[in-house]
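Notes for the structure review
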Amino acid sequence: MAQKLLQFTKIDQANPDKRTAEERRHDFDEIYAAFAPDAARTQASRCSQCGVPFCQVHCPLNNNIPDWLMLTAEGRLEEAYEISSATNNFPEICGRICPQDRLCEGNCVIEKGFEAVTIGSVEKYITDTAFERGWVKPPTPKRELGRSVGIIGAGPGGMAAAMELRLKGFTVHVYDRYDRVGGLMVYGIPNFKLDKAVVGRRHQLLEAAGITFHLNFEVGRDKTLAELRTEHDAILIATGVYKARDLMAPGAGQGGIVAALDYLTASNRRGLGDPIDDAGLDAAGKNVVVIGGGDTAMDCVRTAVRQGANSVKCLYRRDRRNMPGSQREVSHAEEEGVEFLWLSAPEAFLGDGAVTGVRAHSIHLGVADSSGRQIPQMVDGSTVSIQADLVIKALGFDPEDVPKLFKAPELAVSKWGTIKVDHRSMMTNIDGVFAAGDIVRGASLVVWAIRDGRDAAASIARYVIEQGAAVAAAE
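Our subject in this report is the structure included herewith.

Quick notes on the rules
- Residues numbered from 1 in each chain as written.
- Predicted model: local features only at pLDDT ≥ 70, side-chain atom pairs only at ≥ 80, totals over all residues.
- Heavy atoms only, no water.
- Pairing = 2+ DSSP bridges.
- Helix = DSSP H or I, 4+ residues; strand = E, 2+ residues; numbered from the N terminus.
- Axes fitted to C-alpha atoms, helices over the stretch in contact; angles between N-to-C directions.
- Phe/Tyr/Trp six-rings, centres within 6.5 Å; stacked < 30°, edge-to-face > 60°.
- Buried < 20%, exposed > 50% of the residue type's maximum accessible area, 1.4 Å probe, protein only.
- Lys NZ or Arg CZ within 6 Å of the ring centre and 35° of its normal.
- Contact = heavy atoms within 4.5 Å.

Moving on to the sheet that holds strand β16 (residues 433–435). Taking strand neighbours across the sheet as the criterion, the five strands line up as β3-β2-β1-β4-β16 in an open arrangement whose pairing is parallel. Single-partner strands in this sheet number two, and they are β3 (212–214) and β16. Each neighbouring strand pair of the sheet contributes to a mean axis angle of 20°, computed without reference to strand direction. The pairing of strand β1 (residues 148–152) with strand β2 (residues 171–175) spans five bridges and is parallel. In the strand pairing of β2, I151 is matched with V174.

Below, the structure is given as structure tokens:
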């Protein structure tokens, strides 16, 4: 079967068919079609099967990418799914929203000019096919341990940990303050990147496995952290980070200046059919300015286009090369009509109670600081005014005050507000209470949350079993 591989010198890189920019500007459907089976096999056959697979090394989950590409090229899809899902709880989600251009595909060793294997699209194809053919089963343990774990947060980290712990035989209860499972995958990421049905079917699988979800449940309001700890053998905090970073500038308190997550949540809730009063969070007919350069900013500008904005501009203080978001997302946004104002930063917001514009200045990137990034410096005399009826701040996220929210003042946090853990065990300073994901590492990628959730599940299992053995020995 080896002749089916190493085809990158004969076959060009290709993604699944992408809908035209004009077509996708008017709806929230995913922009790529599914791979046809022959096309998926053909693209997988481009893999060079290199001795040191940099795609795998640069994947946070260390997915065995060369093997499942080989199996796909050979038409052995069920085996490819088994390999793919062995290290990743949600490969169909990562295939859609991971910034592959910065991770696996960006580190593919195929020479430039031939271009990388389209790893993300093949990954999505494998698991979507597995769902269609009934290969995906609820995580069922071989035996029940009679031990219970409570997980706070039903985002990707919490869901991954729940799945891993259930497979090991634990009774798992997941607590979340929202009314749906998925966290930012449901309320923060637009449908054109991740259809909500994709997250919903994972939720159904976990429920079918016997995992209990307690939604609209707020720790600190319904029960304190200490109360939950008495009900379970261990607790995992996987809440993510939701507090929007703010921008202090004259006029920042005016109407029409909103946080990115508020804007995206309103749009996603509208798409889900929820009755909400969001008149101020709709871009229809407005001149929109988004401030920021990450993936959340890209979600905002592309959502504004689909809502029928009059114009959409993205203001970012660094250049395109230094942008933290996916370059692929930037290209999609440009195709859809978004204007990028590179090396620009806001200095004030214009208006009299309701924003009418942004006063911005140009930026020069100076010498690098201790982190290696060049320091933005204002260019004198470069001030311009940009018309805006809606300004969206997409400046990133910080942790909420978890000890205060959970009524657990003893819970130790870092100077940034993230929860402190022993990074070998992932346990906090409270015995039997663990933490993982963005609430520990800060705002990051879904794939890192999955990795952290899996690692936390392994640590929790060891802890609970060791505690049980110690109690038995004492008796």
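What follows concerns the packing of aromatic side chains. What the rule picks out here adds up to six aromatic pairs. Look at Y178 and Y242: their rings are 5.8 Å apart centre to centre, the planes differ by 40°, and that puts the pair in the tilted class. Of this pair, Y178 sits in the loop between β2 and α9 (184–187) while Y242 is found in the loop between β4 (234–237) and β5 (243–244), placing the two residues 64 residues apart along the sequence. With relative accessibility at 15%, the residue Y242 sits in the buried group. With 5.5 Å between their ring centres and 70° between their planes, F434 and Y463 make a pair best called edge-to-face. Highlighted residues: F434 in strand β16 and Y463 in helix α17 (residues 446–474), separated in sequence by 29 residues. As far as the burial class goes, F434 and Y463 line up, both buried. By the ring-pair criterion, three or more aromatic residues cluster together here, those being Y178, Y187 and Y242. The lysine or arginine in question, R177, covers the ring of Y242, its NZ or CZ lying 5.2 Å from the ring centre. Directly above the ring of F131 sits R201, whose terminal nitrogen or CZ lies 3.9 Å from the centroid.

Pairing within the open sheet is parallel, and its five strands lie in the order β6-β14-β7-β8-β9. The outermost strands of the open sheet, each flanked by one partner alone, are β6 (257–259) and β9 (339–341). Shown here is a sheet whose adjacent strand axes are inclined to one another by a mean of 25°, direction ignored. Where helix α12 (residues 260–271) meets the sheet, its contacts fall on β6 and β14 (390–393), and the angle it forms with β6 comes to roughly 80°.

The quantities given are spatial measurements derived from coordinates; they are silent on function.
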